[in-house]
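# A closer look at the structure
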Amino acid sequence: MKLSVFTVATPDLTPEELCEAASAAGISGIEWRCKDTPAALRKEAPSFWGNNICTLSQHAEEEEISRFEQAANRSGMKTISITPYIQCGDIESTEQVMRLAKRFGASMIRVGVPGYNRTRNYNELYEEAIAYLKVVEQLSRHYGVKALVEAHHVTIAPSASLAHRLVSPFDPDCIGVLYDPGNMVYEGYENYRMGMELLGPYLAHVHVKNAGWQPPRTESSDPLQSQEWSCSWSPIANGQVPWKQVLRDLKAVGYDGWFGVEDFSTTFETRTMLQTYANQMKTWMEEIE
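The written sequence of each chain sets the order in which its residues are numbered from 1. Local features in a predicted model are, by the rule used here, given only for residues with pLDDT of at least 70; side-chain atom pairs are given and counted only at 80 or more, and totals for whole chains, interfaces and linings are based on all residues. Each side-chain value is worked out from all heavy atoms of the structure, with water and hydrogens disregarded.

Think of it this way: any DSSP run of H or I at least four residues long counts as a helix, any run of E at least two long counts as a strand, and we number them from the N terminus. Note that serine 265 resides in the loop between strand E11 (258–261) and helix H9 (270–288). Polar contacts here mean pairs of N or O atoms no more than 3.5 Å apart (in protein, one a potential hydrogen donor and the other a potential acceptor; neighbouring residues in sequence count only if both atoms are side-chain atoms). Among the polar contacts listed, one links the side chain of serine 265 to the side chain of aspartate 263, at a separation of 2.7 Å. In this description, contact between two residues means that some pair of their heavy atoms is separated by no more than 4.5 Å. Residues in contact with serine 265, not counting those within four places in the same chain, are Trp233, Ser234 and Pro235.

Right, dumping it as structure tokens:
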């Protein structure tokens, strides 16, 4: 089993601290979060999507690149992905991140997918995404870096089947799918093995996290009063994703790629979270052998 960590989940660790902690936990791969952090955010407390101090700048210069490379090398870690927040259609940023990935020896990046909020027709968004991915496919061939579409809620690719519809016109050596069952708790659940079988050669990477739905906090005496359930992140072993079954299904379809932790539950201190994740994944894999 190849374990990695996406540094969005480790916002309070420096690159050096993250590499040391991940290596100690038995994690050998790194997915560097890639985004420019505005100066104002750098004054805030560390957070996943704000002042994440384990983030590589999209416009990183040589000194910063060297720092991240050295942090990984000192701990024997392998950079497997540069993972940005590119908008669909932003070819310039896509090529920029592919150049960064090639510099790091990373095999993949994440690319943009249109969001979906009912304001625009899905079919229009789909055509825009296809036009973008046609160019991305060419960039992938040029740089030797695979582009991943993530199965993610509130986008036009929340499920395995809709992600497959996006990538299926393209070469699976160039464009694949980042499979994320935790995101699919929010939106996009399908039978796990069926989705994996559909993805076939496009199944390129897996993120490991969990989430769950909770009923309204207060009960109403009026059975006709509208009360909505809510979804939130959970520790890896305590949400609605039956990870042992997901691992069985991945094994059944022959998946031999990386498993990347992306825990947002805040249940554990970051270093403890990394060790807990690694221990739990290894235990599950031993149980399904």
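Here the narrative resumes.
Now for the state of the cysteines. When two cysteine sulfur atoms are found within 2.5 Å, that pair is recorded as a disulfide. Across all of its chains, the model carries 0 disulfides by this definition. Counting only cysteine sulfurs, cysteine 54 is the nearest neighbor of cysteine 34, a cysteine outside any disulfide, at a range of 12 Å. Between cysteine 174, a free cysteine, and cysteine 88, which holds the nearest cysteine sulfur, the sulfur-to-sulfur gap is 17 Å. The cut-offs for exposure are 20% and 50% of the maximum accessible area for each residue type, with area from a 1.4 Å probe on protein chains only; residues under the lower value are buried, those over the upper are exposed, and the others partly exposed. We classify cysteine 174 as buried; its relative accessible area is 5%.

In this section: the nonpolar core. A general tendency of soluble globular proteins is for nonpolar side chains to be buried together. Among buried residues, the Ala, Val, Leu, Ile, Met, Phe, Trp, Tyr and Cys ones that are joined through side-chain atoms within 4.5 Å form a nonpolar core. Ranked by size, the top nonpolar core spans 83 residues in total, and within it Leu18, Ile27, Trp32, Ile82, Leu166 and Phe259 carry the most contacts. With 9 residues, the top contributor of residues to this core is helix H4 (residues 122–143). Of all hydrophobic cores here, the second largest spans 6 residues; its members include Ile80, Met108, Leu178 and Ala204.

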